[in-house]
Amino acid sequence: MSTLDTTSSAPVTPRWQTLLIRPETMTFLLLVVGIFAGSQLSPFFLDINYILKSFTLYSELAIVALILTMVIIAGEIDLSPAANMALSACVFAWAQASGIPMPVAIGIGLAAGLLMGLLNAWMVISLQLPSIIVTIGTLTLYRGLAQVIAGDKSIRVPEWFIGVDKIMILGIPLPVVLFMVLALVLAVILGGTIFGRQIYQIGTNETAARYAGIRSARIKFSLFLLIGFVASVAGIMTASRLGSVRYDLALGGELQMVLMAMLGGTYIFGGRGTILGTFLAAWLLVVVSTGMIVANVLPAVQLVVLGGLLIVAIIATNLIYSRTQR
């Protein structure tokens, strides 16, 4: 007498369907649509050199957005990197204008960024204050200090220091090369190392991560230090690209950084996200912004579009996260 097998295996989701619901897939499809729409506005969109040149205008923000992605995955947020860029650049420019040798002035600017990251880390990790409140406060503080140093005037940098975006490596501007190399390195770290897996675990459940022996405070501390340092590098790069420094350098850049991370599928509450998603989202933002400039869209309308994209990205990421949980 045969027995009826009552066991049933769970349905296996096809690989194509799994890929379809990944946030990176949505970002990639939007990028393709954006390039197609841009090509209808201007034939230059089909010229890779034009796209690369356009990307240099956003490369510094994109570089910082890669680190911000890791901070958000770890369950925190930092809204001060754009102000950090401005203050670091102002400190650097003031130092070299005062007669300090350029290498020392660069070191001072980088040290300033590291100290800003240290201040954020100390208040968030040691004092246990909410990172969003802390970094809104330091955003205002850093921007105000930048205005104290530079005033309402521009601080010029030496002519020989200008033009980081004109340096080419295999026909690609240096800032774009740095962005791509950093994205590759961080993707390997985040997706293929114990340190990267620990960042995900902290963002998913920090209490469980601590019980598992993960030093969450030390890892978060290091991420705030890293984003502070990288923001200062980006600020000095911006000074080289523009040829001068003002207190309002990278003003509004925090919106674009968060937008890159969110458009790439990074979950605002931590635990999910990829460097690939942010990488694709950075190119998408460049295509969208450049397309609006070509179409002579007013700056105020551009902000509305970017704000709308941010809201859509957050909603889409939450919907995709809920789907994968089910």
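It should be noted that the structure appears before, not after, this text.
Notes on the structure in this doc start here.

Rules of the game
- Residues numbered from 1 in each chain as written.
- Predicted model: local features only at pLDDT ≥ 70, side-chain atom pairs only at ≥ 80, totals over all residues.
- Heavy atoms only, no water.
- Helix = DSSP H or I, 4+ residues; strand = E, 2+ residues; numbered from the N terminus.
- Buried < 20%, exposed > 50% of the residue type's maximum accessible area, 1.4 Å probe, protein only.
- Contact = heavy atoms within 4.5 Å.
- Areas by Shrake-Rupley, 256 points an atom, 1.4 Å probe, with all protein chains shown as cover.
- Lys, Arg positive; Asp, Glu negative; His and termini not counted.
- Charge placed at Lys NZ, Arg CZ, Asp CG, Glu CD.
- Salt bridge = Lys/Arg side-chain N within 4 Å of Asp/Glu carboxyl O.
- Phe/Tyr/Trp six-rings, centres within 6.5 Å; stacked < 30°, edge-to-face > 60°.
- Axes fitted to C-alpha atoms, helices over the stretch in contact; angles between N-to-C directions.
- Parallel < 35°, antiparallel > 145°, perpendicular 65-115°, else oblique.
- Nonpolar A, V, L, I, M, F, W, Y, C, P; charged D, E, K, R; others polar.
- Expected span 1.5 Å × (residues − 1).
- Bend = angle between axes of the 7 residues up to and from the residue.

## Brief notes about the overall build of the protein
Along its length, the protein carries 14 helices and four strands. The C-alpha extent of the protein, read off along each of the three principal axes, is 95 × 55 × 35 Å. In the protein, which comprises 326 residues, the share counted as buried stands at 47%. A separation of at least 24 residues holds for 78% of the contacts in the protein among residues at least 6 apart in sequence. Carbon and sulfur atoms make up 70% of the accessible area of the protein, which totals about 16,200 Å². With 17 positive and 12 negative side-chain charges, the protein shows a spacing of 5 Å between the two charge centroids.

## Observations regarding the pattern of salt bridges
Scanning the entire structure with this criterion turns up six salt bridges. A salt bridge links E76 to K220; the shortest N-O distance between them is 2.7 Å. With E76 in the loop between α4 (59–73) and α5 (81–97) and K220 in helix α11 (residues 216–242), this pair connects stretches of sequence that are 144 residues apart. The pair formed by E76 and K220 is uniform in burial state, with each residue classed as buried. Where E206 meets R210, a salt bridge forms, and the shortest distance between an N and an O atom there is 3.4 Å. Highlighted residues: E206 and R210, both in helix α10 (residues 206–211), separated by four residues, approximately one helical turn. Given the relative accessible area of 25%, E206 is considered partly exposed. Classification of R210 as partly exposed rests on a relative accessible area of 48%. A single salt-bridge network, built from bridges that share partners, covers E76, E206, R210 and K220.

## Digging into the packing of aromatic side chains
Taken as a whole and assessed by the stated rule, the structure comprises seven aromatic pairs. Relative to F161, the ring of W160 lies with its centre 5.9 Å away and its plane at 85°, an arrangement referred to as edge-to-face. The exposure class assigned to F161 is buried, which follows from its relative accessible area of 15%. By way of ring pairs, the aromatic residues F55, F179, F279 and W283 are connected into one cluster.

## Re the packing of α5 against helix α12 (residues 253–263)
Two elements in contact, α5 and α12, have axes whose closest approach is 7 Å; the angle formed by their N-to-C orientations is 135°. Relative to α12, the element α5 lies oblique. Residue-level inspection shows P81, A82 and M85 of α5 in contact with α12, the latter providing G253, E254 and M257. Here the contact of α5 with α12 is composed, by residue class, of four nonpolar, one polar and one charged.

## So, the side chain of T278
One can find T278 in helix α13 (residues 275–294). Not counting residues up to four positions away in its chain, the partners in contact with T278 are A65, L66, T69, M260, A261, G264 and T266.

## Side note on the environment of P43
Relative to the elements of secondary structure, P43 occurs in the loop between α2 (23–41) and α3 (48–55). Judged by relative accessible area, P43 falls into the exposed class, the value being 63%. Spatially, the C-alpha atom of P43 lies 39 Å from that of F229, the residues being 186 residues apart in sequence.

## Let's talk about α4
Taking 1.5 Å per residue, 15 residues should reach 21 Å; α4 reaches 21 Å between its end C-alpha atoms and fits that length. Along its length, α4 reaches its greatest deviation from straightness, about 25°, at L66. By the criterion of burial, α4 is predominantly enclosed, with 15 of the 15 residues buried. Directly beyond the C-terminal end of α4, a positive phi value near 95° is found at G75.

## Quick look at the environment of S154
Along the chain, S154 turns up in the loop between α7 (131–150) and β1 (155–156). Taking the C-alpha atoms as reference points, S154 and M123, 31 residues apart in sequence, are found 32 Å from one another. Setting aside anything within four residues of it in sequence, one finds S154 in contact with S244, V245 and R246.

## Description of unusual backbone geometry
Notably, L170 is not glycine yet its phi reads approximately 55°, a positive angle. The topology assignment puts L170 in the loop between β2 (168–169) and β3 (172–173). Accessibility expressed as a relative area gives 84% for L170, which makes it exposed. The residue A250 is not glycine, and still its phi comes out positive at about 60°.

## Thoughts on α5
Compared with the 24 Å implied by 1.5 Å per residue over 17 residues, the 24 Å span of α5 between its first and last C-alpha is a close match. Of all the 17 residues making up α5, 15 are buried; the element is thus mostly covered by neighbouring parts of the structure. Looking one or two residues beyond α5, the residue adopting positive phi is G99, at roughly 100°.

## A look at the environment of F36
Residue placement: F36 occurs in helix α2. The class for F36 is exposed, based on a relative accessible area of 56%. Once the C-alpha coordinates of F36 and V287 are considered, the two residues, 251 residues apart in sequence, prove to be 9.9 Å apart.

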